[in-house]
Amino acid sequence: MDRDGTSHINEEKAHILVVTYPIQGHINPLLQFSKRLASKGPKVTLIIPSTTIRFPANASTSLISVAYIPDGHEEGEILSVDEELKQFRAVVSRTLGDFIQEQVESKFPPTVLVYDAVMVWALDIAREQGLHGAPFFTQSCVVNAIYHLVHHGLVKIPVLGPFSLIPSAPLLEVSELPSLVTNTELYPVLMSMVIGQFSNLKGAKWILVNTFFELEEQAVKWMRTQYPIMTIGPTIPSIYLDQRLEDDKDYGLSLFKPEVEASMKWLDSKEAASVIYVSFGSLASLGEEQMEELAWGLKNSKIHFLWVVRESEKKKLPAGFLDEIAPSDMGLVVGWCSQLEVLAHKAVGCFVTHCGWNSTLEALCLGVPLVAMAQWTDQPTNAKFIEDVWKVGLRVKTGEKGTASREAIEACVREMMEGEKGKEIRRNSLKWRELAKRAVGEGGSSDKNIAELVAELV
Ligand code: UDX
């Protein structure tokens, strides 16, 4: 300890900066990756471009430093996606540049900026300050390979027919491709953003992907013929992978207020593998009809459920639904929970999910089988791999308008909780849990890559 009470840090220590796009599905993996980097020795500062985050207090981040920089967003301000992205880039280009310059002039000048790949312009900012840049891709390697092909014009969008990515990969139907490349008119700005991730990669020394080699071997090998891909995932707090990094119990930073006590207490009162956990992540918004079908599908299954319905989604719950389930204690609806704690709870028997990449990896790491209800972006592709490649879940069938009926939902959760297929899937899930643990355990494929990256930087 120094006399002022701060920890003594070797002045020769390498300093790595990491910057994330400020949404939950990106903060979690980049925060966790920062901790893994720091556990190998260097000083790590995670930069979050936001000054309006409301629940940073539970940050378990003693391994790393966290810095908030302005992104120009005012609390309560509502902008279109287009305006928001433009404002974000204009403001953060400046505030990130200023922050890096301060660090360059400090006791611990950084050598590299790991940046969220959707902030493709951050590479130029890093280089202007004499730093290396390393993009971090938050989605699966297969999804990245699809975006790469589209970016290079090797596949024309909108993609209208089935698609075979690489030899030995499964044939992907249009409905199994990322929605941004099949339905290009709905969110053109987001589509440009994800495709644009591949526009500024010339000369990048490392390209980090939140996956593990064993999970996506074919796609990783193929992408390595194009880019210096390093698999570094799954970025899950080490405690859930039977490891013990210092102070690493959870991700540590929630944008929503988790109802931890209520959900854990309720789960404690339930028998092993008797509860369906339901969540659609931090962004997806279900249509009213889908919400209604899901609600009655869960109730009709007569199986206990813990359902995360974000505050902004609650008005879509069918009238009378909460009153109907209350007396039987059949279900609990919360606004947000600590998802990892829930998935690790012995009462949870399966996870009805939108197949966001973090949720997919988390379930895989905790050996929890999935009932897939993909909504948009990368999720349909994740769902395809969940069912047909990794065999850790079942997809709920949808009707012509893309809605899953209450009957289809009920049949799927029943099969998973009580049927023979469910048993087989559960066994498979446990196999993937072991492989995930090995990948990030000492000497595993991802652990070695992180160590190699750090060694090159020191
Ligand atoms: C989105 C995309 O879906 C995802 O595929 C992309 O890679 C990143 O952006 P999101 O839709 O929020 O993210 O889903 P997901 O990737 O699953 O991330 C949600 C995160 O929030 C997970 O880490 C999950 O553990 C956490 N969570 C969710 C909670 O902590 N509590 C909850 O109640 C729900």
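Conventions and cut-offs
Residues numbered from 1 in each chain as written. Predicted model: local features only at pLDDT ≥ 70, side-chain atom pairs only at ≥ 80, totals over all residues. Heavy atoms only, no water. UniProt positions renumbered as here; feature names shortened; annotations may be inferred. Near = heavy atom within 4 Å. Polar contact = N/O pair within 3.5 Å; in protein donor to acceptor, adjacent residues only side chain to side chain. Areas by Shrake-Rupley, 256 points an atom, 1.4 Å probe, with all protein chains shown as cover. Helix = DSSP H or I, 4+ residues; strand = E, 2+ residues; numbered from the N terminus. Nonpolar A, V, L, I, M, F, W, Y, C, P; charged D, E, K, R; others polar. Domains from an automatic or database assignment. Pairing = 2+ DSSP bridges. Axes fitted to C-alpha atoms, helices over the stretch in contact; angles between N-to-C directions. Contact = heavy atoms within 4.5 Å. Buried area = accessible area lost by both parts, 1.4 Å probe. Salt bridge = Lys/Arg side-chain N within 4 Å of Asp/Glu carboxyl O. Parallel < 35°, antiparallel > 145°, perpendicular 65-115°, else oblique. Left-handed = near helix turned anticlockwise from the far one by under 90°.

- Looking at an unreviewed UniProt entry, one finds the protein named Glycosyltransferase and attributed to Punica granatum.
- The heading Sequence similarities (unreviewed entry) in the UniProt record of the protein holds the text "Belongs to the UDP-glycosyltransferase family."

1. Details of the site of the ligand
Point 1. Inspection of the region around the ligand gives 24 residues, with Ser282, Cys337, Ser359, Glu362 and Asp378 positioned closest.
Point 2. Taking Thr138, its main chain carries an N or O atom lying 3.5 Å from an oxygen atom of the ligand.
Point 3. In this structure, an oxygen atom belonging to the ligand sits 3.0 Å away from a side-chain N or O atom of Gln379.
Point 4. Contact with the protein chains covers 96% of the free accessible surface of the ligand, which is 660 Å².
Point 5. For the shell around the ligand, the elements supplying multiple residues, two or more each, are α1 (24-38), β10 (275-279) and α12 (357-366).
Point 6. Looking at the shell around the ligand residue by residue, the class counts come to seven nonpolar, 15 polar and two charged.
Point 7. Per-domain counts for the shell around the ligand show at least three residues from each of domain 1 (15-251 + 438-457) and domain 2 (260-436).

2. Some thoughts on the sheet that holds strand β1 (residues 15-19)
Point 1. Strand order in the open sheet formed by seven strands is β3-β2-β1-β4-β5-β8-β9, with parallel pairing between adjacent strands. Taken across any chain shown, the strands that pair with only one partner, and hence form the sheet edges, are β3 (65-69) and β9 (229-231). On average, adjacent strands in this sheet sit at an angle of 25° to one another, irrespective of strand direction.
Point 2. Here strand β8 (residues 207-209) runs beside β9; their pairing, made up of three bridges, is parallel. Counterpart to Ile207 in the pairing with β9 is Ile229.

3. A closer look at the domain arrangement of the protein
Point 1. Entries for the protein in the domain assignment read domain 1 (15-251 + 438-457) and domain 2 (260-436).
Point 2. Taken residue by residue, the interface counts 38 residues in domain 1 and 29 residues in domain 2.
Point 3. Between domain 1 and domain 2, the buried area comes to about 2800 Å², and carbon and sulfur atoms account for 66% of it.
Point 4. Ranking the residues of domain 1 by area buried against domain 2 places Glu176, Leu215 and Tyr240 at the top, with a combined share of 23%.
Point 5. Viewed at the interface, domain 2 and domain 1 are joined by three salt bridges.
Point 6. Between Glu176 and Arg395 there is a salt bridge whose closest N-O contact spans 3.0 Å.
Point 7. Our count for the contact surface shared by domain 1 and domain 2 stands at 14 residue pairs in polar contact (both at pLDDT 80 or more).

4. Some details on the packing of helix α9 (residues 288-301) against helix α14 (residues 406-418)
Helix-helix packing: each pair is described by the crossing angle between the helix axes and the interaxial distance.
Point 1. Running from N to C, α9 and α14 cross one another at 45°; their axes reach a closest spacing of 8 Å. By the angle between their directions, the pair α9 and α14 is classed as oblique. Crossing angle aside, the handedness with which α9 passes α14 is right-handed. Contacts from Gln290, Glu292, Glu293, Leu294, Trp296, Gly297, Asn300 and Ser301 of α9 reach α14 at Arg406, Ile409, Glu410, Val413 and Arg414.
Point 2. Within the contact of α9 with α14, the residues separate by chemical class into four nonpolar, four polar and five charged.

5. Brief notes about the sheet that holds strand β14 (residues 370-372)
Point 1. Pairing is parallel across the open sheet formed by six strands, whose spatial order is β12-β11-β10-β13-β14-β15. Single-partner strands in this sheet number two, and they are β12 (331-334) and β15 (393-395). Neighbour-to-neighbour, the strand axes of the sheet open up by a mean angle of 15°, direction not taken into account.
Point 2. Bridge count for β10 against strand β13 (residues 348-353) is five bridges, and the pairing is parallel. Counterpart to Val275 in the pairing with β13 is Val348.
Point 3. Running over the sheet, α14 touches β10, β13, β14 and β15 and is turned about 165° from β15.

6. A word on unusual backbone geometry
One can expect most non-glycine residues to show negative phi and most peptide bonds to be in trans.
Point 1. The amide bond that connects Ile157 to the next residue, Pro158, takes the cis arrangement and shows omega of -5°.
Point 2. Counting through the fold element by element, Pro158 comes out in the loop between α4 (141-151) and β6 (163-164).
Point 3. A cis amide bond links Gly233 to the next residue, Pro234, at an omega of 0°.
Point 4. Of note, Pro234 is situated in the loop between β9 and α8 (260-268).
Point 5. Phi is positive for Asp242, close to 55°, though the residue is something other than glycine.
Point 6. Structurally, Asp242 is set in the loop between β9 and α8.

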